[in-house]
Amino acid sequence: MNPIPISMLIFYLFAGIAVLSAIMVIASNNPVRGVLFLVVTFIASSGMWMMAQAEFLSLILVLVYVGAVMTLFLFVVMMINIELTSQKRKFSYYLPFGAGIILLLVLMMLIALHPQYFSFGSMPSGVLPKGANTELLGKVLYTNYAYPFIVAGVLLLTAIIAAISLVHRRPRDCKSQQVTEQIKTRRELRVRIVNLPSEKKED
Amino acid sequence: MFDQLQTLIWIIIKITVIVLPLLILVAYVTYAERKVIGYIQVRVGPNRVGLKGLLQPFADLIKLVFKEIVVPSRSNPYLFIIAPILSLVPALIAWAVVPFSDGLVLSNINAGVLFLFAVSSLSVYGVLVAGWASNSKYAMFGALRSAAQTVSYEIAMGFSLVGVLMAAGSMNLSQIVAAQSGGIWQWYFLPLLPLFVVFWISGIAETNRAPFDLVEGESEIVAGFHVEYSGVGFALFFLAEYASMVLISVLLSLFFLGGWLSPFEGIPGIEKLFAWIPGFAWLFIKTAFFLFVYIWIRATFPRYRYDQLMRLGWKVLIPVTLVWIAVLGILIKCHCPPWFAI
């Protein structure tokens, strides 16, 4: 028996965690716990990407999805506070439908990739060229794919502007502070000193 | 299999060598905070336990460990217990990429800055989960404030890091420090002065310290997210707060003050005089300076109002970083001496 390489053990550890927590995302009947399990899934898949020597993608996954997107998700889910009793055990109700989709996805992957990648021994290493991942990615993005990259950036900018203009109210619709006026204010504008003549006590 | 086990044991020994002194340092940062604020407010501070109160942090620790852990009713017990761990772990694993001297680093990875940033973005979960799992209104408010504040200041922090890695041309922390060698005028606090200030301010905001400690604002929400915690859980939250303070101070020294480099480098005469001081001593002195300023700021400034905090983050710090990144690009492109000359 030849010893199992430790990198393989770590890969299956991360893969197992990812699959289990992904199932828990839909199986847990508390939405906050579901979001937290989704965070665990992201961290596990980031670990798998790290194993495949894609360190930039793996760290950006943690940074963007776990650090920013999921935080806001958690924020929203905490605020809405869904009634837990009303949505009990919908997991088993939707199970046949979900299983069908999973089957379809696995079939698609089998057709797209060669079945030889589905054995236990094959590891996803050696796909990427050696060297600093970030640098290579940057070189490709700013040379071969410069126009798609810029177009994607413009698209995101448009989305930001659209989102802000949807929720932003015009100044006359809402009360807001004028910071410059607040700073420039003087005592005479706020306080009026009234000189009241003292009254004589009547006896 | 055996040599892999050997590597594993070797790594665990290295981790112990980093974490144990760090925890002792954190204990004495709490002591220093009480002493310094004491003297600023014309008090003496703790002076009863041990010589000049030097054993006070350990007395506090023993007291907290032996206290009862109260789990509030209708709370979420698993998450309630996990939350302090979630806030402590990111503050500790970030030390994996911090170099203490030339070559003295646990893992010298090329994406060091990215790793630090990814890990520090995880620290908000401890606070959020604690606030939600406690089933308390005050804790919930603390958690919501913390989420909004951390997400806002992370952007400014990230942009100032972009400036650092533009100047150094690398995301490896050792190489960033090496790029600053050649004398005190080569350190990045000069060409990146606005980014240095932004990083400093948003570092204070990220660690939820005064004047940005609205998360635990005692006057309005009692103690924020850790209202319901007692005993070890409470101690872990404090440990996490001070460990991330030390981390931010070390990062400030590494990114902007030349890390382990001597400030007298390149000055004839004095350079030889101080050559015997090891690199990590300089790093320690610089870190201690930033920690002192942390405490000084806490003793001096009143707390921000929440809308002022958001305005500072979004309308002042982020535009400053954006402008300075553009300026920095021009400086680098023109090979502006003395920093970017080839």
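A few points about the overall build of chain B
Link 1 in the chain: In terms of helices and strands, chain B carries 13 helices and zero strands.
Link 2 in the chain: In sequence order, chain B lays out its α and β elements as α-α-α-α-α-α-α-α-α-α-α-α-α.
Link 3 in the chain: Computed over the C-alpha atoms, the radius of gyration of chain B is 21 Å, within 12% of the 20 Å expected from 2.2 N^0.38 for a compact globule of 342 residues.
Link 4 in the chain: Structurally, chain B occupies a C-alpha span of about 65 × 55 × 50 Å along its principal axes.
Link 5 in the chain: Within chain B, the proportion of its 342 residues that are buried is 51%.
Link 6 in the chain: The contacts in chain B between residues at least 6 apart in sequence include a share of 77% that link residues at least 24 apart.
Link 7 in the chain: For chain B, the distance from the average position of its 20 positive side-chain charges to the average position of its 16 negative side-chain charges is 6 Å.

Structural notes on the nonpolar core
Soluble globular proteins tend to bury their nonpolar side chains together.
Link 1 in the chain: Core analysis: the biggest nonpolar cluster contains 104 residues, and Phe-255 and Phe-256 of chain B have the highest contact counts within it.
Link 2 in the chain: The biggest single contributor to this core is helix H10 (residues 231-256) of chain B, with 13 residues.
Link 3 in the chain: With five residues, the next largest nonpolar core counts Ala-15, Ala-18, Ala-44 and Met-48 of chain A among its residues.

Quick notes on empty space enclosed by the protein
Residue and element names in this part refer to chain B.
Link 1 in the chain: Evaluation of the coordinates by the stated rule reveals two cavities of 30 Å³ or more.
Link 2 in the chain: Of the pockets and cavities examined, the largest cavity occupies roughly 430 Å³.
Link 3 in the chain: At the level of secondary structure, the elements contributing two or more residues to the lining of the largest cavity comprise helix H3 (77-93), helix H4 (112-120), helix H5 (124-133), helix H6 (137-168), helix H8 (193-206) and H10.
Link 4 in the chain: Per-element tally for the lining of the largest cavity: the top contributor is H10, with seven residues.
Link 5 in the chain: Looking at the lining of the largest cavity residue by residue, the classes come out as 17 nonpolar, eight polar and three charged.
Link 6 in the chain: In this structure, the second largest cavity spans a volume of roughly 30 Å³.
Link 7 in the chain: Along the walls of the second largest cavity sit Val-97, Val-105, Ser-107, Asn-108, Ile-109, Gly-112, Asn-172, Leu-173 and Ser-174, which together make up its complete lining.
Link 8 in the chain: Of the residues contributing to the lining of the second largest cavity, the split by class is four nonpolar, five polar and no charged.

Observations regarding the packing of aromatic side chains
For any pair of aromatic rings, the description consists of the separation of the ring centres together with the inter-plane angle of the planes.
Residue and element names in this part refer to chain B.
Link 1 in the chain: Within the structure shown, the criterion is met by 24 aromatic pairs over all chains.
Link 2 in the chain: Between Tyr-153 and Phe-212, the ring centres sit 5.8 Å apart and the planes meet at 55°, which makes this aromatic pair tilted. Residue Tyr-153 is found in helix H6, and its partner Phe-212 is found in the loop between H8 and helix H9 (218-221); the two are separated by 59 residues along the sequence.
Link 3 in the chain: Of the residues examined, Tyr-153 reaches a relative accessible area of 1% and is grouped as buried.
Link 4 in the chain: Residue class for Phe-212 comes out buried when judged on its relative accessible area of 4%.
Link 5 in the chain: Pairwise contacts between aromatic rings join Trp-187, Phe-189, Phe-196, Phe-199, Trp-200, Phe-255, Phe-256, Phe-289 and Phe-290 into one cluster.

Some thoughts on the interface of chain A and chain B
Link 1 in the chain: Counting from both sides, the interface comprises 26 residues of chain A and, opposite them, 27 residues of chain B.
Link 2 in the chain: Sorting the residues of chain A by area buried against chain B places Leu-59, Leu-63 and Met-78 of chain A first, and these three jointly supply 24% of that buried surface.
Link 3 in the chain: The interface formed by chain A and chain B holds zero salt bridges in total.
Link 4 in the chain: Sorting the residues of the side of chain A that touches chain B by element identifies helix H2 (31-51) and helix H3 (55-80) of chain A as the ones contributing at least two each.
Link 5 in the chain: Ranked by residue count, the leading element in the side of chain A that touches chain B is H3 of chain A, at 14 residues.

What about the packing of helix H1 (residues 2-40) of chain B against helix H12 (residues 279-300) of chain B?
Residues and elements named next belong to chain B.
Link 1 in the chain: H12 packs onto H1 with a crossing angle of 45° between their chain directions and a minimal axis gap of 10 Å. One finds that H1 runs oblique with respect to H12. For H1 against H12, the interelement crossing comes out right-handed. Contact residues: Leu-25, Val-29, Ala-32, Glu-33, Val-36, Ile-37 and Ile-40 in H1; Phe-284, Leu-291, Phe-292, Ile-295, Trp-296, Arg-298 and Ala-299 in H12.
Link 2 in the chain: The residue makeup of the contact of H1 with H12, split by class, is 12 nonpolar, no polar and two charged.

Thoughts on helix H13 (residues 306-333) of chain B
Since the α-helix turns once every 3.6 residues, residues separated by three or four places project in the same direction.
All names here are of chain B.
Link 1 in the chain: When the terminal C-alpha atoms of H13 are compared, their 40 Å separation across 28 residues agrees well with the 40 Å that a helix rising 1.5 Å per residue should span.
Link 2 in the chain: Considering bend angle alone, the principal kink of H13 is centred on Leu-312 and spans about 30°.
Link 3 in the chain: Buried within H13 are the following residues: Leu-309, Met-310, Leu-312, Gly-313, Leu-317, Ile-318, Thr-321, Ile-325, Leu-328 and Leu-331.
Link 4 in the chain: Positive backbone phi, approximately 55°, marks His-335, located one or two places after H13.

Looking at the domain arrangement of chain A
Residues and elements named next belong to chain A.
Link 1 in the chain: In terms of domains, chain A is made up of domain 1 (1-128) and domain 2 (132-169).
Link 2 in the chain: Facing the six residues of domain 1 at the interface are four residues of domain 2.
Link 3 in the chain: The contact between domain 1 and domain 2 buries some 360 Å² in all, and 60% of this surface belongs to carbon and sulfur atoms.
Link 4 in the chain: The interface formed by domain 1 and domain 2 includes zero salt bridges.
Link 5 in the chain: Where domain 1 packs against domain 2, one counts zero residue pairs in polar contact (both at pLDDT 80 or more).
Link 6 in the chain: A per-class count over the side of domain 1 that touches domain 2 returns four nonpolar, one polar and one charged.

Observations regarding the environment of Ala-143 of chain B
Residue and element names in this part refer to chain B.
Link 1 in the chain: You can see Ala-143 is positioned in helix H6.
Link 2 in the chain: In the structure, Ala-143 is positioned 26 residues away from Gly-169 in sequence and 37 Å away in space, judged by C-alpha atoms.
Link 3 in the chain: Contact partners of Ala-143, with chain neighbours within four places excluded, come to Val-127, Leu-128, Gly-131 and Phe-225.

Concerning the side chain of Ser-46 of chain A
Residues and elements named next belong to chain A.
Link 1 in the chain: With respect to the helices and strands, Ser-46 occurs in helix H2.
Link 2 in the chain: You can call Ser-46 buried: its relative accessible area is 7%.
Link 3 in the chain: Residues contacting Ser-46, with those up to four places away along its chain left out, are Ser-58, Leu-61 and Val-62.

Let's talk about unusual backbone geometry
Residue and element names in this part refer to chain B.
Link 1 in the chain: The backbone phi angle of Val-42 is positive, close to 55°, even though this residue is not glycine.
Link 2 in the chain: Along the chain, Val-42 turns up in the loop between H1 and helix H2 (56-65).
Link 3 in the chain: You will see that Lys-52, though not glycine, has its phi angle at about 55°, which is positive.
Link 4 in the chain: Structurally, Lys-52 can be placed in the loop between H1 and H2.

Rules used in this analysis
- Residues numbered from 1 in each chain as written.
- Chains lettered and ligands numbered in written order.
- Predicted model: local features only at pLDDT ≥ 70, side-chain atom pairs only at ≥ 80, totals over all residues.
- Heavy atoms only, no water.
- Helix = DSSP H or I, 4+ residues; strand = E, 2+ residues; numbered from the N terminus.
- Rg over C-alpha atoms; globule rule 2.2 N^0.38 Å.
- Buried < 20%, exposed > 50% of the residue type's maximum accessible area, 1.4 Å probe, protein only.
- Contact = heavy atoms within 4.5 Å.
- Lys, Arg positive; Asp, Glu negative; His and termini not counted.
- Charge placed at Lys NZ, Arg CZ, Asp CG, Glu CD.
- Core = buried A, V, L, I, M, F, W, Y, C linked by side-chain atoms within 4.5 Å.
- 1 Å grid on protein atoms, 1.4 Å probe; cavity = no way out; pocket = protein on both sides within 12 Å on 5 of 7 lines; lining within 4 Å.
- Points joined across faces, edges and corners; volume = space filled by probe spheres on them.
- Nonpolar A, V, L, I, M, F, W, Y, C, P; charged D, E, K, R; others polar.
- Phe/Tyr/Trp six-rings, centres within 6.5 Å; stacked < 30°, edge-to-face > 60°.
- Buried area = accessible area lost by both parts, 1.4 Å probe.
- Salt bridge = Lys/Arg side-chain N within 4 Å of Asp/Glu carboxyl O.
- Axes fitted to C-alpha atoms, helices over the stretch in contact; angles between N-to-C directions.
- Parallel < 35°, antiparallel > 145°, perpendicular 65-115°, else oblique.
- Left-handed = near helix turned anticlockwise from the far one by under 90°.
- Expected span 1.5 Å × (residues − 1).
- Bend = angle between axes of the 7 residues up to and from the residue.
- Domains from an automatic or database assignment.
- Polar contact = N/O pair within 3.5 Å; in protein donor to acceptor, adjacent residues only side chain to side chain.

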